[in-house]
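Letter by letter, the chains look like this.
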Amino acid sequence: MPAELVCFESRCRSRYPITEIIYNCPRCGGLLECEYPGRKADPAEWKRLWRQRRMNNGKLDQSGVWRYREMIPFLDDWAAVVSLREGNTPLLEAPRAAAYADIERLAFKHQGFNPTGSFKDNGMTCGTAQAIRLGMKRVACVSTGNTSASMAAYASAAGLQSIVFLPHGNISYGKLAQALEYGARTLQVEANFDQILALVRVLAERLGIYLLNSINPFRIEGQKTIMVELMDQRDWEAPDWVVLPGGNLGNVSAFGKGLREMLELGLIRRSPRLAVIQAAGSAPFYELMRSTDRSVLPKVERPETLATAIRIGDPVSWPKAKHEIEASNGVVEKVTEQEIADAKAQIGLCGIGCEPASAATLAGIRKLRAAGVIARNADVVAVLTGNLLKDPDYIYKYHTKQLQAPGGEKIESTFANQPAVVPNDPDRIAELLS
Ligand code: F0G
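This one's a predicted model, so the numbers in the text were calculated from it and none came from an experiment. (Residues numbered from 1 in each chain as written. Predicted model: local features only at pLDDT ≥ 70, side-chain atom pairs only at ≥ 80, totals over all residues. Heavy atoms only, no water.)

A. Looking closely at the side chain of Lys 257. By the element assignment, Lys 257 lies in helix α9 (residues 250–264). Residue contacts for Lys 257: discarding those within four places in its chain leaves Glu 33, Cys 34, Glu 221, Lys 224 and Glu 324. (Helix = DSSP H or I, 4+ residues; strand = E, 2+ residues; numbered from the N terminus. Contact = heavy atoms within 4.5 Å.)

B. The arrangement of the site of the ligand in detail. Around the ligand, the surrounding shell holds 20 residues, and the nearest of these are Asn 146, Gly 247, Asn 248, Leu 249 and Thr 385. In the environment of the ligand, an oxygen atom lies 2.8 Å from a nitrogen or oxygen atom belonging to the backbone of Thr 147. Residue Asn 248 places a main-chain N or O atom 2.7 Å away from an oxygen atom belonging to the ligand. When isolated, the ligand has an accessible area of 480 Å², and the protein chains bury 99% of it. Secondary-structure elements contributing two or more residues to the shell around the ligand are α5 (146–158) and α9. Split into classes, the residues belonging to the shell around the ligand amount to seven nonpolar, eleven polar and two charged. (Near = heavy atom within 4 Å. Polar contact = N/O pair within 3.5 Å; in protein donor to acceptor, adjacent residues only side chain to side chain. Areas by Shrake-Rupley, 256 points an atom, 1.4 Å probe, with all protein chains shown as cover. Nonpolar A, V, L, I, M, F, W, Y, C, P; charged D, E, K, R; others polar.)

C. Here's a closer look at the sheet that holds strand β13 (residues 379–384). Within the open sheet, the six strands sit side by side as β4-β5-β13-β10-β11-β12. Their pairing is mixed. Among the strands making up the open sheet, the edge pair consists of β4 (91–93) and β12 (331–335). Between one strand axis and the next, the sheet turns through 25° on average, direction left out of account. Taken together, the six bridges between strand β5 (residues 105–110) and β13 define a ladder with parallel strand orientation. Considered in β13, the bridge of Leu 106 is made with Val 380. (Pairing = 2+ DSSP bridges. Axes fitted to C-alpha atoms, helices over the stretch in contact; angles between N-to-C directions.)

D. Structural context of a nonpolar patch on the surface. Taken together, the side chains of Val 422, Leu 432 and Leu 433 make up a nonpolar region of the molecular surface, amounting to roughly 310 Å² of accessible area. Assignment of secondary structure puts Val 422 in the loop between α14 (392–399) and α15 (426–433). For Val 422, a relative accessible area of 40% corresponds to the partly exposed category. (Patch = residues over 30% accessible without salt bridge, like charges linked within 9 Å, V, L, I, M, F, W, Y side chains within 5 Å. Salt bridge = Lys/Arg side-chain N within 4 Å of Asp/Glu carboxyl O. Buried < 20%, exposed > 50% of the residue type's maximum accessible area, 1.4 Å probe, protein only.)

The following block contains the structure:
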């Protein structure tokens, strides 16, 4: 099946061979996407095939990404794919979180169940496959932590060398530890994410290193399958809303593309509305979508949030994200540090848990419900993007009432669960517990 790289800009739409090593359109600088001209689906047959593959032990069929390979046919040969059995993430009913947000039904699609603990694995298996196909030996990314953890793991599994660039002092130790353990060459730069991305793009070009940030269109292809797997888990009935956190805006771009393609191919009958939630201190996309002029992103020079995964002021994928929000009749909301912290504790109390950025979803749903944007009886899926153990420091501080917002103001530990120090004395402990 033919696959091509196409400029995303509607006024350009230049086409390039799928094997060209470019991250932006050489003609207009626009973002690139993968296209499969002439692809046709047999929806009933594909759905049957995808179900059947769940029973097989083969590498591709066991992967929650490559199982849906008809949706992402950019390779000529699947043999070189490196899979850590990514995807396959559960859809978990969460009545307690629904009650917190004042809605009747809420389920979490938990991407934190991935091999390196975040949704980045869905995209990284595809980005790595393309790197191998192109004969690249080194891969690089800038990251707020999860992309680097994922890239390091897939690169090592594939025998590639990985180089990660991190904003010094602004990523959680859980994520930094992963990059080190998976064997990435790790460079901590005294700059923020947006500044480092510009730096890495220059270095990738100069040193011939393959770039695996989410501007890489093959990463987007992999992340698209999160929506395909979600619909498969729901027997192809779309929810009313899919809610996700927004940082560099690759994920919303991927979800929107996946939903549009499933609609065009006849796999689903209607699309959910997308809701992107940003942290108030890092909310350029929220400001863009509120503005009457949606042609220029109002960058945030000094983005701040304790949800470090989404601490991004100049998200590269904003043109795609804007298109997907408009195409799905979606919305963008922002939430405070306090709202994120409390929503996160509520997700923990469901027995589910997530990292801070992911909790922006529940905080956002609660806010959108209060504003009447989301109806009480709406069918809502929130995507939890990262695992609880990514950032234990944040959790400990919240429950011991030490969490402070970036500006220094205290965050109330509304749902604190403080550990107690007790003597080694059964009588005293029994008294305490009675
Ligand atoms: N949630 C988590 C846990 C993330 O790690 C990220 C992004 C996002 C949400 C936002 O997704 O960028 O597609 O809008 N983390 C990137 C990284 C930036 O470097 O790991 P997005």
